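# Tertiary structure, described
Here are the chains, one letter per residue:
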Amino acid sequence: MDTKLFSPRILVLCGLIAAAAFTRLMPHLPNFTAIGAMALFGGAYFTNKKLAFVVPLTAMFLTDLILGYHSTIIAVYISFALIVAIGMMIKKKNVRSIAAASLAAAVLFFLITNFAFWTTGVLYPVTGTGLLACYTAGLPFFGYNLVGNLFYTGVMFGLFELAKQKYPALAVIEA
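Read on for a plain summary of the structure. (Residues numbered from 1 in each chain as written. Predicted model: local features only at pLDDT ≥ 70, side-chain atom pairs only at ≥ 80, totals over all residues. Heavy atoms only, no water.)

## A word on the pattern of salt bridges
Put simply, the rule is: What makes a salt bridge here is a side-chain nitrogen of Lys or Arg within 4 Å of a carboxyl oxygen of Asp or Glu, nothing more. Helix and strand assignments follow DSSP, with helices taken as H or I runs no shorter than four residues and strands as E runs no shorter than two, numbered in order from the N terminus.
Applying the stated rule across the entire model yields two salt bridges. Of the charged contacts in the structure, one is a salt bridge between lysine 164 and glutamate 161, with a shortest N-O distance of 3.2 Å. Of this pair, lysine 164 and glutamate 161 both sit in helix α6 (residues 128-166), three residues apart, which is roughly one turn of that helix.

## A word on the packing of aromatic side chains
In plain terms, the rule: Pairing of aromatic side chains here covers Phe, Tyr and the six-membered ring of Trp, requires ring centres within 6.5 Å, and sorts the geometry by plane angle: under 30 degrees stacked, over 60 edge-to-face, intermediate tilted. Note on classification: 1.4 Å probe, protein chains only; a residue is buried when its accessible area is under 20% of the maximum for its type, exposed when over 50%, partly exposed between these limits.
Summed over the entire model, instances satisfying the criterion amount to 13 aromatic pairs. Note on phenylalanine 41 and tyrosine 45: the rings are 4.8 Å apart at their centroids and 50 degrees apart in plane angle, and the pair reads as tilted. With phenylalanine 41 and tyrosine 45 both in helix α2 (residues 35-45), this residue pair falls four residues apart, about one helical turn. By the burial criterion, phenylalanine 41 is buried, and tyrosine 45 matches it.

## Details of the nonpolar core
Basically, it comes down to this: Side-chain atoms within 4.5 Å are what join buried Ala, Val, Leu, Ile, Met, Phe, Trp, Tyr and Cys residues into a set we call a nonpolar core. Residues are treated as being in contact if the distance between any of their heavy atoms lies within 4.5 Å.
The biggest cluster of nonpolar side chains holds 41 residues, and the ones touching the most others in it are Ile17, Met38, Phe41, Phe46, Met156 and Phe157. Going through the elements one at a time, α1 (8-22), α2, α3 (49-67), α4 (73-88), α5 (95-120) and α6 are the ones with two or more residues in this core. In this structure, isoleucine 17 is in contact with Met38, Phe41, Gly42, Phe46, Val55, Pro56, Ala59 and Met156, ignoring residues within four places of it in sequence. Within the second largest apolar cluster, nine residues are counted, among which are Trp118, Tyr124, Cys134 and Leu146.

## Description of the environment of glycine 15
One can find glycine 15 in helix α1. Taking the C-alpha atoms as reference points, glycine 15 and leucine 51, 36 residues apart in sequence, are found 13 Å from one another.

## Describing unusual backbone geometry
Located in the positive-phi region is asparagine 31, a residue other than glycine, with phi close to 70 degrees. Looking at where asparagine 31 falls in the secondary structure, it is placed in the loop between α1 and α2. The partly exposed category is assigned to asparagine 31, whose relative accessible area is 30%.

## Observations regarding the side chain of asparagine 149
Within the fold, asparagine 149 resides in helix α6. If we ignore the near neighbours within four places in the chain, the residues touching asparagine 149 are Gly36, Ala37, Ser102, Ala105 and Ala106.

## Overview of the side chain of threonine 153
Its location among the elements puts threonine 153 in helix α6. For threonine 153, a relative accessible area of 2% corresponds to the buried category.

## Observations regarding a nonpolar patch on the surface
In plain terms, the rule: Two joining distances apply to patches: 9 Å for like charges and 5 Å for nonpolar side chains (Val, Leu, Ile, Met, Phe, Trp, Tyr), and every residue must have over 30% relative accessible area and no salt bridge. Throughout, the Shrake-Rupley method with a 1.4 Å probe supplies accessible areas, and for residues the shown protein chains are the sole cover considered.
On the surface, Phe22, Leu25, Met26, Phe61, Leu62, Leu65, Ile66, Leu67 and Tyr69 cluster together to form a nonpolar patch covering roughly 880 Å² of accessible area. Here leucine 62 shows up in helix α3.

## Things to note about the packing of α5 against α6
Formally: Geometry is summarised by axes, namely lines fitted to C-alpha atoms with helices restricted to the contacting stretch, and by angles between N-to-C directions that run from 0 to 180 degrees. Here a crossing is called left-handed whenever its near helix is offset anticlockwise from the far helix by less than a right angle, and right-handed whenever the offset is clockwise. Polar here means any residue other than Ala, Val, Leu, Ile, Met, Phe, Trp, Tyr, Cys and Pro, which are nonpolar, and Asp, Glu, Lys and Arg, which are charged; Gly is therefore polar.
Interaxial distance between α5 and α6 falls to 8 Å at its minimum, and their mutual angle equals 145 degrees. For the pair α5 and α6, the crossing hand works out as right-handed. Taken together, the residues of the contact of α5 with α6 sort by class into 20 nonpolar, seven polar and no charged.

Quick look at the structure:
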């Protein structure tokens, strides 16, 4: 068994992602959850690229087992994986880079998931006008998602950075 998988750093990262996933199960405003933040966080802090994707995606999958699935779930998971990749691009963990990544994640999620919903033809005709109507109707949800991303990335990144100061073992990155 690889003891690196059970290092204090990995266990704390997984714990924070599990706590973030739990926000999906609590009452919340539409799209105001920590899913974008946990994808960014996983991408930013796991040095093992496989874990960066597997841990947040598994957390998402486990909560989806409870919440259920829908016709555009594939688009949600694709956007989620791309948000992990955005997290991997965060080199300096400061307010500016994290806020920019949160904004990029919200925009990406909005564009991909609304496009996928539009293609179903359920509420909007599959025309240019229908696509514009779908994106327009999704703007309030984009706002909630953006504010949720900003809030939860601040919480997750901030907590981990504070924990690293108090417990230096968390700052040790495995090779």
